[in-house]
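Architecture and fold: a report
Residues per chain, in single letters:
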Amino acid sequence: MGLNFDFHAIEESLSNNVRTFILMAAGLIALVGLIAAAVFFINVRGAEQTMVPNVQGKELTAALLELQVKELYPRIQLRYTQTSADRGLILEQSPPPGALVRAGRRVQLVVSQGAQLGTIENFIDRNLDDLRMDIQMGLVSGRGAAAADGYVSAPPLLSIREPVMFEFSPKPAGTILQQRPEPGTPITGPMTLELVVSRGLEHTIIRVPDLVGLSVADALEHIGRTGIDFEFSLKSADAEETPGTVVAQTPPGGDFVGSNTRVSITVAAPAVSSPGDEVFGLFRFTMPPNPYPLLIRLEGTLPDGEVRRLLTAQFVGGRLSVPYQLPEGSVLSLAMLNREIYREIVAR
């Protein structure tokens with residue numbers, strides 16, 4: 001049995017399929033074209049426009065918030081002015097207030113740094129305690145930073161960050177080795193100094209002075225000159241000992257020891273005084289340890305107002321003990337760096 005093919009029908013079916021394919025391809029191309037055109041026109045149109053706010057004369061923080069609301073971004077430039085009153089205020093802006101710009105644009109802001117009050121001095125090789133004193137007195141505020149006509153500005157523009165950093169160095173203890181900000185840095189307002197200070201040599205060797213046989217006043221004078229670390233104690237005077245004099249010390253005079261060695265000094269105390277006599281006693285006070293010896297001063301103010309200087313010396317801190325002989329009712333005053341830190345009344 002033979003097969004009969006309808007070639008005309010087959011040809012017509014293929015033709016319809018080809019037309020359908022062509023139509024579908026054309027439609028797909030048209031759709032892609034429309035999408036591309038839409039993307040193109042969106043990009044051409046760009047971001048929405050916004051109005052630049054007026055931020056001149058405002059604080060920088062407030063100005064930044066206003067720009068953020070408008071989707072604008074700042075580019076900041078700093079400038080010194082003639083007064084410190086406008087520090088942190090917007091001096092100029094570009095584009096100007098009211099201008100229509102696209103969102104996302106940068107706005108140039110000129111911000112006041114205030115008046116330049118001088119520059120940071122070079123404090124390297126200066127003594128830390130001297131610098132502290134000068135700052136407290138208003139004598140250090142940077143070159144040209146003091147008020148005109150010799151009047152001192154208050155409060156001081158400079159302060160020292162505490163605690164100060166210390167390191168061992170061949171330079172004398174208390175010498176400033178490094179500073180930040182660097183010398184020459186402009187001063188536009190209160191600034192904090194970060195300092196690195198010398199502790200001195202770790203193992204400096206000194207010769208112990210011979211104090212045996214000296215009166216208390218002479219022994220204290222020697223201590224003030226030599227800078228040794230010391231501690232006094234009292235004992236009743238023996239028959240062969242002179243009351244009010246040094247009768248023993250450890251280490252003995254002439255020995256070479258480390259500078260941090262404490263010399264124990266024993267004084268022969270007079271017999272118990274009778275009413276009306278001056279009181280012979282031992283002043284005691286415990287101080288926090290210092291990173292290096294600091295200047296201390298012990299004075300006695302008598303009831304009639306007379307002031308007797310008992311001791312001026314460099315002291316590293318810890319237990320302080322100093323013999324004294326003063327009338328009852330006198331006031332003992334201990335000062336460090338010229339500032340009183342303790343006082344007590346002499347009593348029997």
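For the structure itself, consult the block above.
In this text the structure is predicted, and so the values were computed from the model without any measurement. (Residues numbered from 1 in each chain as written. Predicted model: local features only at pLDDT ≥ 70, side-chain atom pairs only at ≥ 80, totals over all residues. Heavy atoms only, no water.)

Ordered in space as 17-16-19-20, the 4 strands form an open sheet in which the pairing is antiparallel. This sheet does not close on itself; its edge strands, each paired only once, are strand 17 (307-315) and strand 20 (339-345). On average, each strand axis in the sheet is tilted by 15° relative to the strand beside it, whichever way the strands run. Where strand 19 (residues 331-336) and strand 20 come together, 6 bridges link them in antiparallel fashion. Across the sheet, the residue bridging to Leu-332 is Glu-344, located in strand 20. (Pairing = 2+ DSSP bridges. Helix = DSSP H or I, 4+ residues; strand = E, 2+ residues; numbered from the N terminus. Axes fitted to C-alpha atoms, helices over the stretch in contact; angles between N-to-C directions.)

This next bit is on a nonpolar patch on the surface. Residues Leu-28, Leu-31, Val-32 and Ile-35 make up a contiguous nonpolar surface patch of about 390 Å² in total accessible area. Counting through the fold element by element, Leu-28 comes out in helix 1 (residues 7-45). Looking at Leu-28, the relative accessible area reads 54%, which means it is exposed. (Patch = residues over 30% accessible without salt bridge, like charges linked within 9 Å, V, L, I, M, F, W, Y side chains within 5 Å. Areas by Shrake-Rupley, 256 points an atom, 1.4 Å probe, with all protein chains shown as cover. Salt bridge = Lys/Arg side-chain N within 4 Å of Asp/Glu carboxyl O. Buried < 20%, exposed > 50% of the residue type's maximum accessible area, 1.4 Å probe, protein only.)

Applying the stated criterion across every chain yields a total of 5 aromatic pairs. With 5.9 Å between their ring centres and 50° between their planes, Phe-283 and Tyr-342 make a pair best called tilted. Separated by 59 residues along the polypeptide, Phe-283 in strand 15 (residues 279-287) and Tyr-342 in strand 20 bring together distant segments of the chain. Relative accessible area serves as the criterion here: at 0%, Phe-283 is assigned to the buried category. Exposure remark for Tyr-342: the relative accessible area of 27% places this residue in the partly exposed category. Centre to centre, the rings of Phe-285 and Tyr-342 are 4.7 Å apart; their planes meet at 25°, and the pair counts as stacked. Of this pair, Phe-285 sits in strand 15 while Tyr-342 sits in strand 20, and the two are 57 residues apart along the sequence. Put simply, the rings of Phe-230, Phe-232 and Phe-315 touch in pairs and so form one group of aromatic residues. For Arg-199, the ring lying beneath its charged end belongs to Phe-168, and the centroid distance is 5.9 Å. (Phe/Tyr/Trp six-rings, centres within 6.5 Å; stacked < 30°, edge-to-face > 60°. Lys NZ or Arg CZ within 6 Å of the ring centre and 35° of its normal.)

At the junction of Ser-94 and Pro-95, the peptide bond is cis and its omega measures out at 0° in the coordinates. Looking at the secondary structure, you find Pro-95 in the loop between strand 3 (90-94) and strand 4 (100-102). Each neighbour pair has its own omega, and for Glu-162 with Pro-163 the value is 0°, a cis peptide bond. With respect to the secondary-structure elements, Pro-163 resides in the loop between strand 6 (158-160) and strand 7 (165-167).

Counting buried positions over the 6 residues of strand 19 gives 5, a clear majority of the element. Relative to strand 19, strand 16 (residues 294-301) runs antiparallel, the two being bridged by 6 bridges. Following the sheet pairing, Ile-296 is matched in strand 19 by Met-336. Hairpin connection between strand 19 and strand 20: a loop of 2 residues separates the two successive antiparallel strands, and Leu-337 in this loop has a positive phi of roughly 55°.

Considering the arrangement of structural elements, one finds Ser-333 in strand 19. In this structure the side chain of Ser-333 is engaged in a polar contact, spanning 2.5 Å, whose partner is the side chain of Glu-340. Aside from chain neighbours lying at most four places away, what touches Ser-333 is Arg-297, Leu-298, Glu-299, Glu-340, Tyr-342 and Arg-343. (Polar contact = N/O pair within 3.5 Å; in protein donor to acceptor, adjacent residues only side chain to side chain. Contact = heavy atoms within 4.5 Å.)

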